[in-house]
Amino acid sequence: MKRTLAQWDQRYTELRAAGLKEPWYGGPLRRHQEAGDTRLDHLRFHDSAAALRLWNFLLTEEQRLKKHRNAGRLVVGTLKDLGTVPIMVYALPNAVAFYPDGAWWLPCVQQLGGGQLAAADRLGAGERLCPVRALLGSLELGTDFPEPDLFICPVGATCDDLSAISQRLTGMGRQVFWWNLPHRRAPDPGESAVSLPGGCLAPSALVQHVAKELGRVRDLLAQRAGVKLGDPELAASIHAANAVRRRLIRLRETRCLPALEHQIAEMLAVHYCSDRPECLAVLDDLCALDESPDPRAIRTYWVNPVADLAAMNVLEDLGGRLVGSEFLFPQAIDLLPEDIPPLEALARAALADPMAGPASQRAQRIVREAQAAQAELVVVSRIPGASHCPFDARAIARTCATSGLQCIEVEVPPLIEGVSSALCTRLSAAFEIAQERRS
Amino acid sequence: MITVGIDSGSRSVKCVLWDGSKILGKSRVDAGLNAQATAKQVMDEVCAWAGVAPEKVRAICATGYGRTRIAATYRVTEITCHARGIAHCLPSAQSAIEIGGQDSKVLRLGSQGRVEDFAMNDRCAAGTGRFLEVVAARLGCTLEHLGRMAQSSTDPAPISSMCVVFAESEIIGLIAAGVQPGSIASGVFNAIATRVTALAGRLLTQPIAFTGGVAFIPGMQEALTKTCGSQVLIPKDPLYTGALGAAMIAGERSRTV
């Protein structure tokens, strides 16, 4: 069951009265709205204590980062990286990684009230770039998260927007450590190749190159943290990362969460909201939920994260339910191999990034997963300004068509009110088609 | 069983009264601020014209942009409703182009008026009736006259901008350069047809139906036929296919309740 923020006020009182125990970041959801996260007023949340903990964990990351900073820990901003360098950072005893690109949700959550996009505009990063440009505004304003001690960013097979944004960051005087993530090419005939998480093949030489690049990152981290960072530490961190990933895989299998909370939970795989042990506890609570999805709802596979979280509510309001998703970071959820040298395992994961390879490979995996989940519809959610979207969306639509899967594209800007009529019509029409196919 | 379909579009609200086999009446009014009041007005008009007491109406199905703001038994998207209406009016159609005031759609049709796939242009005025309105206003003529001028021109002006705002600037430049209004009109019709055909992609298979308010404007059918490379057919009452489909769906669903 889902509740509005106002309904959650009452629900929170009931849970507390029933003896709910909360971690330090616990409390009513209302306080986040009062602190400026005004979009919460427009969302509906799962009514479980586990969901409350998830939301509180997500919305207190800024406080957590400040605590880390005050405790003297190294704060590493890992740009673009979705599940590789953060694992290396968490191998250090006194460092945390965080995801500056995550600022792309601030314009939504704060309903533009934080001024990040306007500040990015003033820096020359306008609407032609994807909403990740909010991170430039956020850093310029200095209001959302502590300035990282260090930025690390891949270069090469990353999207044009991120490339432009991260270069602008250096123009703003930030030191960025770059490492090379080359395009994932297919192995030549007879060339030695290895299998990546997710099933793609890559030439061994490419994997070794990326492992060497990550070796440079390891050396930098060790030097900045003033500690040794060897294979045992990295292997232990990979093992801990897999513990998070196993829980997310279980959540994917059970599909007990509403779409909104599911997306938030999967985002934890990226950087653990700056506290990996607590992230595990949050996921454990979610995994313990026992809810059956509505069998009448149209089984929907969703592609790409949504800039406005409200879109996930809309999906269910109109009669859909999430049976699968690809939020652009399957490499942060696929299990990492633990029987090979750690840097090679991380290199394989980095190369498994869907944006590092051809859109057709991404499309094939999406269709494979959608079919396995018996999806009736694939929704490709476009991110305004995101340079990869037009290419990926076409490839996904084509692959769906050849597999007999219905596929639609929708655009989800940071606030959907202006496009809600179009969004609802597209989704409703797709559901109507799926419904007619059932009969 | 008598049912009503109301298509609440961005420019007008259309209503069809249906008895399960034929249209008893139909009408349209300009869209107002209050979708419910406008819907009631047009429905009352149709019922009065057809001599049917409103209480005899078994079910109402609302469709179109304003469907969620109308009191109705069912609410179904215009995608589904147009397909059903087109299948009734033009049973041979395999695909359909619908160009309305604010958006355009392309449907691939299956059996019994089911939609197999669709594409919509709903974020940009290019490829919609709004584009034609802007051009007609700039050239100081009616939409019908604009269409007649386009039909009579043999020398369409190239319009390179797909954005209506930029295209308007381009048209101002063409007027200043002394290009004939007919050439400009013809160029604009071609630009819209090109835009809609590009939107259609793989969806267009023959025979192609053409509906929506823009189907009434002379010249658009020819422009689409040219860019699609095959004849597009306009069913009878192209403005009402959505409302008709809605009325038919209301009938089907009421029978199964």
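Residues numbered from 1 in each chain as written. Chains lettered and ligands numbered in written order. Predicted model: local features only at pLDDT ≥ 70, side-chain atom pairs only at ≥ 80, totals over all residues. Heavy atoms only, no water.

1. Thoughts on the overall build of chain A
A count of helices and strands for chain A gives 18 helices and 12 strands. For chain A, the spread of C-alpha atoms along the principal axes amounts to about 55 × 55 × 45 Å. For chain A, with 439 residues in total, the buried portion stands at 63%. Summarising the internal contacts of chain A: among those between residues at least 6 apart in sequence, 75% fall at separations of at least 24. Mean positive and mean negative side-chain charge positions of chain A (48 and 52 charges, respectively) differ by 1 Å. (Helix = DSSP H or I, 4+ residues; strand = E, 2+ residues; numbered from the N terminus. Buried < 20%, exposed > 50% of the residue type's maximum accessible area, 1.4 Å probe, protein only. Contact = heavy atoms within 4.5 Å. Lys, Arg positive; Asp, Glu negative; His and termini not counted. Charge placed at Lys NZ, Arg CZ, Asp CG, Glu CD.)

2. Considering the sheet that holds strand 5 (residues 74-75) of chain B
Residues and elements named next belong to chain B. The strand order across the open sheet built from 5 strands is 3-2-1-4-5, with neighbouring strands paired in mixed fashion. The open sheet terminates on both sides in strands that have one partner only, identified here as strand 3 (23-30) and strand 5. In the sheet, strand 4 (residues 57-63) pairs with strand 5 via 2 bridges, with the strands oriented parallel. For alanine 62, the partnering residue across the bridge sits in strand 5 and is arginine 75. Where helix 1 (residues 35-50) meets the sheet, its contacts fall on strand 1 (2-8), strand 2 (12-18), strand 3 and strand 4, and the angle it forms with strand 3 comes to roughly 145 degrees. (Pairing = 2+ DSSP bridges. Axes fitted to C-alpha atoms, helices over the stretch in contact; angles between N-to-C directions.)

3. Some details on the layout of surface pockets
Looking at the largest pocket, its volume works out to about 1,200 Å³. In this structure, the largest pocket is lined by 31 residues; those nearest its centre are Arg382, Arg394 and Glu409 of chain A together with Met120 and Leu199 of chain B. When residues of the lining of the largest pocket are traced back to their parent elements, those giving at least two are helix 17 (389-402), strand 12 (406-411) and helix 18 (420-438) of chain A together with strand 8 (115-121) and helix 6 (181-200) of chain B. Split by residue class, the lining of the largest pocket holds 17 nonpolar, 3 polar and 11 charged. Of the pockets and cavities examined, the second largest pocket occupies roughly 920 Å³. The wall of the second largest pocket is formed by 42 residues, among which Ser10, Arg11, Gly100, Gly101 and Gln102 of chain B lie closest to the centre. Within the residue set of the lining of the second largest pocket, elements represented by two or more residues are helix 18 of chain A together with strand 1, strand 2, strand 3, helix 2 (78-89), helix 3 (129-139) and helix 4 (143-152) of chain B. The dominant element in the lining of the second largest pocket, judged by the number of residues it contributes, is helix 18 of chain A, at 4 residues. (1 Å grid on protein atoms, 1.4 Å probe; cavity = no way out; pocket = protein on both sides within 12 Å on 5 of 7 lines; lining within 4 Å. Points joined across faces, edges and corners; volume = space filled by probe spheres on them. Nonpolar A, V, L, I, M, F, W, Y, C, P; charged D, E, K, R; others polar.)

4. A word on the packing of aromatic side chains
Residue and element names in this part refer to chain A. Applying the stated criterion to the full structure yields 6 aromatic pairs over all chains. Each ring, one from tryptophan 24 and one from tyrosine 25, has its centre 5.5 Å from the other, and the planes form 90 degrees; the classification is edge-to-face. For tyrosine 25, a relative accessible area of 1% translates into the label buried. Taken together, the ring pairs in this structure connect Trp24, Tyr25 and Phe57 into an aromatic cluster. Directly above the ring of tyrosine 25 sits arginine 64, whose terminal nitrogen or CZ lies 5.7 Å from the centroid. For lysine 67, the ring lying beneath its charged end belongs to tryptophan 24, and the centroid distance is 4.2 Å. (Phe/Tyr/Trp six-rings, centres within 6.5 Å; stacked < 30°, edge-to-face > 60°. Lys NZ or Arg CZ within 6 Å of the ring centre and 35° of its normal.)

5. A closer look at the environment of glycine 385 of chain A
Residues and elements named next belong to chain A. Tracing the backbone shows glycine 385 in the loop between strand 11 (377-382) and helix 17. Among the residues examined, glycine 385 registers a relative accessible area of 30% and is labelled partly exposed. C-alpha separation for the pair glycine 385 and alanine 307, spaced 78 residues apart in sequence, amounts to 11 Å. With near-sequence residues (within four places) excluded, glycine 385 lies in contact with Glu127, Arg128, Leu129, Cys130 and Asp161.

6. Overview of the state of the cysteines
What the rule picks out here adds up to 0 disulfides over all chains. With no disulfide of its own, cysteine 273 of chain A lies closest to cysteine 279 of chain A among cysteine sulfurs, the gap being 7.2 Å. (Disulfide = S-S within 2.5 Å.)

7. A closer look at the interface of chain A and chain B
Across the contact, 19 residues belong to chain A and 19 residues belong to chain B. Roughly 1,500 Å² of surface becomes buried between chain A and chain B when both sides are summed, with 47% attributable to carbon and sulfur atoms. Inspection of the chain A/chain B interface yields 1 salt bridge. The residue arginine 84 of chain B makes a salt bridge to glutamate 436 of chain A at a minimum N-O spacing of 2.6 Å. One can count 7 residue pairs in polar contact (both at pLDDT 80 or more) joining chain A with chain B. Mapped by element, the contributors of at least two residues to the side of chain A that touches chain B are strand 12 and helix 18 of chain A. For the side of chain A that touches chain B, the leading source of residues is helix 18 of chain A, giving 12 residues. (Buried area = accessible area lost by both parts, 1.4 Å probe. Salt bridge = Lys/Arg side-chain N within 4 Å of Asp/Glu carboxyl O. Polar contact = N/O pair within 3.5 Å; in protein donor to acceptor, adjacent residues only side chain to side chain.)

8. Details of the side chain of serine 8 of chain B
Relative to the helices and strands, serine 8 of chain B is located in strand 1. On the accessibility criterion, serine 8 of chain B (4% relative accessible area) is buried.

9. Quick look at helix 4 of chain B
Residue and element names in this part refer to chain B. For helix 4, the set of buried residues is Leu146, Gly147, Met149 and Ala150. Along the axis of helix 4, the buried positions cluster into a sector of 160 degrees, meaning they face one direction only. Buried residues along helix 4 sit in contact with helix 3 and helix 6. (Arc of directions from axis to C-beta.)

10. Comments concerning the pairing of strand 6 (residues 95-99) of chain B
All names here are of chain B. Most of strand 6 is tucked away: 5 of the 5 residues are buried. Of the two faces of strand 6, the one holding Ser95, Ile97 and Ile99 and the one holding Ala96 and Glu98 are both buried throughout. Counting the residues between successive antiparallel strands, the hairpin from strand 6 to strand 7 (residues 104-109) contains 4 residues. Here 4 bridges tie strand 6 to strand 9 (residues 208-211), and the two strands are oriented parallel to one another. Pairing of glutamate 98 across the sheet is with threonine 211, part of strand 9.

11. Here we look at the nonpolar core
By size, the foremost hydrophobic cluster in this structure holds 160 residues, and its most contacted members are Ile152, Leu214, Leu221, Leu286 and Trp302 of chain A together with Phe118 of chain B. Considering every element that reaches this core, the biggest residue donor is helix 10 (residues 204-225) of chain A, with 9 residues. Ignoring anything within four residues of it in the chain, the contact list for leucine 221 of chain A reads Val76, Met88, Val89, Leu92, Leu150, Ile152 and Leu229 of chain A. (Core = buried A, V, L, I, M, F, W, Y, C linked by side-chain atoms within 4.5 Å.)

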